[in-house]
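Read off the chains here:
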Amino acid sequence: MEPSSERRFPPEHRLLDARSFSRVFANAARSRDRLFTVLYRENDAGIARLGLAISRKHCRKAVERNRIKRVVRESFRHHGELLAGLDIVVLNQAATATALNSAMFDSLAGHWRRCVRGRSGGKQ
């Protein structure tokens, strides 16, 4: 069985190099709560691109960091069309290590809404 195209996370939807991350970090709007800090900036690609900066400082176990990454990518895939035209970097906070997946999905949904509002409040 072939994976559905909407379930994939292709390279063109990822921030892959230091230059891409630096561009977001240099001039980003921010959304923060107890689980995540989300930095976002408009791009010229017309698609949403995601970068993950899941820190070992806040989450010691690799298995937990990988779980967080899977949840972030899944949430991003579900909201990809809404986020078109944005480069996004997600950073974890200490509370994510013990958070339930459902709490992380709820937190990220709020961040995605703020990203869209922040973009529409800026350039139009």
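Everything in this summary refers to the structure shown in the same document. All values reported here derive from a predicted model rather than from experimental measurement.

1. A short note on the environment of Cys-59
Argument step 1. Considering the arrangement of structural elements, one finds Cys-59 in the loop between β3 (49–53) and α2 (62–78).
Argument step 2. The class of Cys-59 is buried, set by a relative accessible area of 1%.
Argument step 3. Taking C-alpha positions, Cys-59 is 29 Å from Glu-42, a pair spaced 17 residues apart along the chain.
Argument step 4. Apart from the residues within four sequence positions on either side, Cys-59 is in contact with Glu-64, Arg-65, Ile-68, Asn-92 and Ala-97.

2. Some remarks on the environment of Ala-84
Argument step 1. If you trace the backbone, Ala-84 turns up in the loop between α2 and β4 (86–92).
Argument step 2. Of the residues examined, Ala-84 reaches a relative accessible area of 31% and is grouped as partly exposed.
Argument step 3. A C-alpha to C-alpha distance of 29 Å links Ala-84 and His-58, two positions 26 residues apart in sequence.
Argument step 4. Look past the residues within four positions of Ala-84 in its chain and what remains in contact with it is Gly-46, Ile-47, Ala-48 and Arg-119.

3. A word on the nonpolar core
Argument step 1. If you look at the biggest cluster of nonpolar residues, it comprises 23 residues, and the most contacted ones within it are Phe-36, Phe-76, Leu-83, Ile-88, Val-90 and Trp-112.
Argument step 2. When residues of this core are traced back to their parent elements, those giving at least two are β2 (36–42), α2, β4 and α3 (101–121).
Argument step 3. Of all the elements, α3 adds the most residues to this core, at five residues.
Argument step 4. When neighbours within four sequence positions are excluded, Phe-36 is seen to be in contact with Ser-31, Ile-68, Val-72, Val-90, Leu-91, Asn-92, Gln-93, Thr-96, Met-104, Ser-107, Leu-108 and His-111.
Argument step 5. Ranked by size, the runner-up nonpolar core spans five residues in total, among them Leu-15, Val-24, Leu-39 and Val-89.

4. Observations concerning the sheet that holds β3
Argument step 1. Pairing is mixed across the open sheet formed by four strands, whose spatial order is β1-β2-β4-β3. Both outer strands of the open sheet, β1 (29–32) and β3, are each paired with one neighbouring strand and no more. Strand-to-strand, the axes of this sheet are offset by a mean angle of 20°, without reference to chain direction.
Argument step 2. With four bridges connecting them, β1 and β2 associate as antiparallel partners. When the bridges of β2 are listed, Ala-29 appears paired with Tyr-40.

5. With respect to α2
Argument step 1. Its 17 residues give α2 an end-to-end C-alpha distance of 24 Å, which sits within 8% of 24 Å, the value for a rise of 1.5 Å per residue.
Argument step 2. Turning to α2, its buried residues are Arg-65, Arg-67, Ile-68, Val-71, Val-72, Glu-74, Ser-75 and Phe-76.

6. A word on the side chain of Thr-96
Argument step 1. Considering the arrangement of structural elements, one finds Thr-96 in the loop between β4 and α3.
Argument step 2. Within polar-contact distance, the side chain of Thr-96 engages the backbone oxygen of Gln-93 at 2.7 Å.
Argument step 3. Those residues in contact with Thr-96 that sit more than four places away from it in its chain are Leu-35, Phe-36, Arg-67, Ile-68 and Met-104.

Cut-offs and rules
Residues numbered from 1 in each chain as written. Predicted model: local features only at pLDDT ≥ 70, side-chain atom pairs only at ≥ 80, totals over all residues. Heavy atoms only, no water. Helix = DSSP H or I, 4+ residues; strand = E, 2+ residues; numbered from the N terminus. Buried < 20%, exposed > 50% of the residue type's maximum accessible area, 1.4 Å probe, protein only. Contact = heavy atoms within 4.5 Å. Core = buried A, V, L, I, M, F, W, Y, C linked by side-chain atoms within 4.5 Å. Pairing = 2+ DSSP bridges. Axes fitted to C-alpha atoms, helices over the stretch in contact; angles between N-to-C directions. Expected span 1.5 Å × (residues − 1). Polar contact = N/O pair within 3.5 Å; in protein donor to acceptor, adjacent residues only side chain to side chain.

Distances and angles like these do not, on their own, reveal function.
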